[in-house]
Amino acid sequence: MEKEKISAKGHLIRWMVLFFAITYLANYFLQIRQLSYIGSILLVLILIQGIPLLPKVNFRVVCGLLLAGGVILLWSKGDWRVWSAAIMQNANLAVLFICSPMMALPFFYEDYQSELKVVAQTKMQSLLAFCLLINVSAHILGVLISVGALAIIYELLQPQSKLYKAEDIFLSTLVRSYCSSGFWSPAWASMVLLTSATSVTWVAVIPIGIAFSLIYIGIDMATVAAKMKRNPELYPLLQAERGARVNWRKIRTMLLLAMVLISMMVMISVISRWDLMVIIPMVAALFPLLCGLSQKHMPAYKQGMGKYYRTTLIKVRSEIALFAAAGFLGKALHFSGIGEKIPALLPDQFIAYPALMSGTIMLVLILPSLVGVHPVAIGTALIAAVTPASVGMTDMTFVLTMLTGWALTILLSPFSATSLIAGNYAGRPSWDISLKLNGIFGAICLIIFSILISVVGPILS
């Protein structure tokens, strides 16, 4: 089949997206102010191209976020440098989004998907077993490589979710299991901020963080089991095709590829101490080439990169608009000082009721995120303005409350990287992933963990 010819304008748009990513990554090391301004100009040009292509709802949301951020910056008299910083606030997420699809290419150099299908039919016939696999793998990868876990797990396991006729359950379990890593992963900003601002160390958080992760994953598994019990006819056991046998060589190769990918990110992170949001795009670009050379799959590599150039680079403009608009508003709120007033919403009368105070703090993180305010902005303000003793909490109780609230915020916000990346891969609006699939789950977790934290927090202090 003849490939569709790309126009000169199409090539220009693709190279503009690529140059934006290259400029951002280069400036991380060079720290040249002019490069930052060039990046902001490129991002504005990408937005001008991408915003008109958005679906109506996304178009209104993006325009609303940009308009609100613009009004706040005008009101607070921000100069052009502030505007440039605001538009680049989520540039790291945009670059991650541009580069991460390359990371999955080696998993398609051979037909690994057919073997995964056989494994599902013969070893994981129940949807519950499949969800357990997603939970364990996405949690571990989330701890090690942050949001890069979403791309890997989605590319590997999404086709298998169709066998179970459970695409929605797959998506909800994927984002939930990734967010479970926020209870104890050192890569999350919440952990860095809290351990540096309180007397609680990361090592002290690990045991209770893992326990909370298991409880959280258990709640997800219980919801899946409940759905299966209510409608067993919708989720029958898989039946293996006649004569189906697993080619374990391909499975081992695929697992080895995943281990090499993870090891590359972890090793670079340990040796260099670079930002993980920079490491992931760099590894995403390098990993497919190294695999192509070592496995002698260069034709497959070239074919995959050709598809990435033709399809992905033109598609990402619309999604980048959501990242940029959410970051723009968040930066505007931070610059104006509006975000710092949010801690005042905590009611003093809840001090006598630790569970209510924990739940309220979580809501103070969650609710602003629903309109695009990143938890980093609200969380930083809370940590700076609130001392645990002033709200009737021990340091450990406050840390567990913030970690849980932060994880639920990332799960429920339609503007978090988690929802935006999962929504893009699934071809669905990010609020479908966040609130529609996970709203009730998030509310249940908020209640359960508020009570749990109020009991175990003081004991652990």
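Anything mentioned here points back to the structure above.
This one's a predicted model, so the numbers in the text were calculated from it and none came from an experiment. (Residues numbered from 1 in each chain as written. Predicted model: local features only at pLDDT ≥ 70, side-chain atom pairs only at ≥ 80, totals over all residues. Heavy atoms only, no water.)

The next point concerns the packing of helix α18 (residues 417-426) against helix α19 (residues 430-460). Put simply, α18 and α19 touch, their axes get as near as 6 Å, and they point 120 degrees apart. Once α18 is placed against α19, the crossing between them reads as right-handed. For the pair α18 and α19, the contacting residues are Ser 419, Leu 420, Ala 422 and Gly 423 in the first and Ser 430, Ile 433 and Ser 434 in the second. Here the residues of the contact of α18 with α19 are counted per class, giving three nonpolar, four polar and no charged. (Axes fitted to C-alpha atoms, helices over the stretch in contact; angles between N-to-C directions. Helix = DSSP H or I, 4+ residues; strand = E, 2+ residues; numbered from the N terminus. Left-handed = near helix turned anticlockwise from the far one by under 90°. Contact = heavy atoms within 4.5 Å. Nonpolar A, V, L, I, M, F, W, Y, C, P; charged D, E, K, R; others polar.)

For the rest of this paragraph, the subject is the layout of surface pockets. Volume-wise, the largest pocket comes out at about 1400 Å³. Tallying contributions element by element places helix α14 (residues 298-336) first for the lining of the largest pocket, with five residues. A breakdown of the residues in the lining of the largest pocket according to their chemical character gives 27 nonpolar, 17 polar and four charged. Counted as a void, the second largest pocket has a volume near 630 Å³. Lining the second largest pocket are 19 residues, and of these Pro 101, Leu 105, Glu 155, Lys 307 and Thr 312 lie nearest its centre. Elements represented by at least two residues in the lining of the second largest pocket include exactly α5 (91-103), α14 and α18. Looking at the lining of the second largest pocket element by element, the count peaks at nine residues for α14. Class assignment for the residues of the lining of the second largest pocket results in ten nonpolar, six polar and three charged. (1 Å grid on protein atoms, 1.4 Å probe; cavity = no way out; pocket = protein on both sides within 12 Å on 5 of 7 lines; lining within 4 Å. Points joined across faces, edges and corners; volume = space filled by probe spheres on them.)

Further remarks concern the pattern of salt bridges. Using the criterion set out here, one finds five salt bridges in the structure. Between Asp 79 and Arg 81 there is a salt bridge; the shortest N-O distance is 3.1 Å. The exposure class assigned to Asp 79 is partly exposed, which follows from its relative accessible area of 32%. Between Asp 432 and Arg 428 there is a salt bridge, with its nearest N and O atoms 3.7 Å apart. (Salt bridge = Lys/Arg side-chain N within 4 Å of Asp/Glu carboxyl O. Buried < 20%, exposed > 50% of the residue type's maximum accessible area, 1.4 Å probe, protein only.)

Looking now at the side chain of Arg 14. Following the sequence through the fold, Arg 14 ends up in helix α1 (residues 8-30). Ignoring any residue separated from it by four or fewer positions in sequence, one finds Arg 14 in contact with Ile 6, Tyr 309, Arg 310, Leu 313 and Ile 314.

As a further point, take empty space enclosed by the protein. Applying the stated criterion across every chain, the model contains one cavity of 30 Å³ or more. Val 373, His 374, Ser 413, Phe 415 and Ser 416 are, among the 13 residues lining the largest cavity, the residues nearest its centre.

A separate point is the packing of helix α7 (residues 127-145) against helix α8 (residues 148-163). Closest axis-to-axis distance for the α7/α8 pair is 8 Å, and the angle between their directions is 165 degrees. One element, α7, and the other, α8, form an angle in the roughly antiparallel class. Note that α7 runs across α8; the crossing there is right-handed. Facing α7, whose interface residues are Phe 130, Leu 133, Ile 134, Ser 137, Ala 138, Leu 141, Gly 142 and Ile 145, α8 presents Gly 148, Ala 149, Ile 152, Ile 153, Leu 157, Gln 160 and Ser 161. (Parallel < 35°, antiparallel > 145°, perpendicular 65-115°, else oblique.)

On to the packing of aromatic side chains, then. What the rule picks out here adds up to 16 aromatic pairs. When the ring of Tyr 28 is compared with that of Phe 29, the centres are 5.1 Å apart and the planes differ by 90 degrees; the resulting orientation is edge-to-face. For Tyr 28, a relative accessible area of 27% gives the class partly exposed. When the ring of Phe 183 is compared with that of Phe 212, the centres are 5.9 Å apart and the planes differ by 85 degrees; the resulting orientation is edge-to-face. Of this pair, Phe 183 sits in the loop between α9 (167-179) and α10 (189-197) while Phe 212 sits in helix α11 (residues 202-230), and the two are 29 residues apart along the sequence. Each member of the pair, Phe 183 as well as Phe 212, carries the same accessibility label: buried. Each residue in the set Phe 130, Tyr 154, Tyr 164, Phe 170 and Tyr 425 is aromatic and connected to the rest through ring pairs, giving one cluster. Directly above the aromatic system of Tyr 309 lies the positively charged group of Arg 14, at a separation of 5.8 Å from the ring centroid. (Phe/Tyr/Trp six-rings, centres within 6.5 Å; stacked < 30°, edge-to-face > 60°. Lys NZ or Arg CZ within 6 Å of the ring centre and 35° of its normal.)

Before going further, it helps to spend a moment on unusual backbone geometry. A positive phi is found at Gln 31, a non-glycine position, where the angle reads about 55 degrees. Mapped onto the elements, Gln 31 comes out in the loop between α1 and α2 (33-50).

Okay, the side chain of His 297 next. Mapped onto the elements, His 297 comes out in the loop between α13 (276-294) and α14. In terms of polar contacts, His 297 uses its side chain to reach the side chain of Glu 110, at 3.2 Å. Apart from the residues within four sequence positions on either side, His 297 is in contact with Tyr 109, Glu 110 and Gly 292. (Polar contact = N/O pair within 3.5 Å; in protein donor to acceptor, adjacent residues only side chain to side chain.)

Attention now goes to the nonpolar core. Of all hydrophobic cores here, the largest spans 155 residues; its most connected members are Phe 20, Ile 98, Leu 127, Tyr 216, Leu 382, Ile 421 and Phe 449. At 16 residues, the largest contribution of residues to this core is made by α14. Discounting residues that sit within four places of it in the chain, Phe 20 has contacts with Gly 39, Leu 42, Leu 43, Ile 46, Met 88, Ala 91, Ala 94, Val 95 and Ile 98. (Core = buried A, V, L, I, M, F, W, Y, C linked by side-chain atoms within 4.5 Å.)

Moving on, we get to α7. Along its 19 residues, α7 runs 26 Å from first to last C-alpha, staying within 8% of the 27 Å computed at 1.5 Å per residue. One side-chain oxygen of the residue at the start of α7 lies 3.1 Å from the amide nitrogen of Leu 128, identifying that residue as Ser 126. Positive backbone phi, at 55 degrees, marks Ser 146, one or two positions downstream of α7. (Expected span 1.5 Å × (residues − 1).)

Our next topic: a nonpolar patch on the surface. Taken together, the side chains of Phe 29, Leu 30, Ile 32, Trp 274 and Met 282 make up a nonpolar region of the molecular surface, amounting to roughly 430 Å² of accessible area. Residue position: Met 282 is located in helix α13. Taking relative accessible area as the criterion, Met 282 reaches 31% and is therefore assigned partly exposed. (Patch = residues over 30% accessible without salt bridge, like charges linked within 9 Å, V, L, I, M, F, W, Y side chains within 5 Å. Areas by Shrake-Rupley, 256 points an atom, 1.4 Å probe, with all protein chains shown as cover.)

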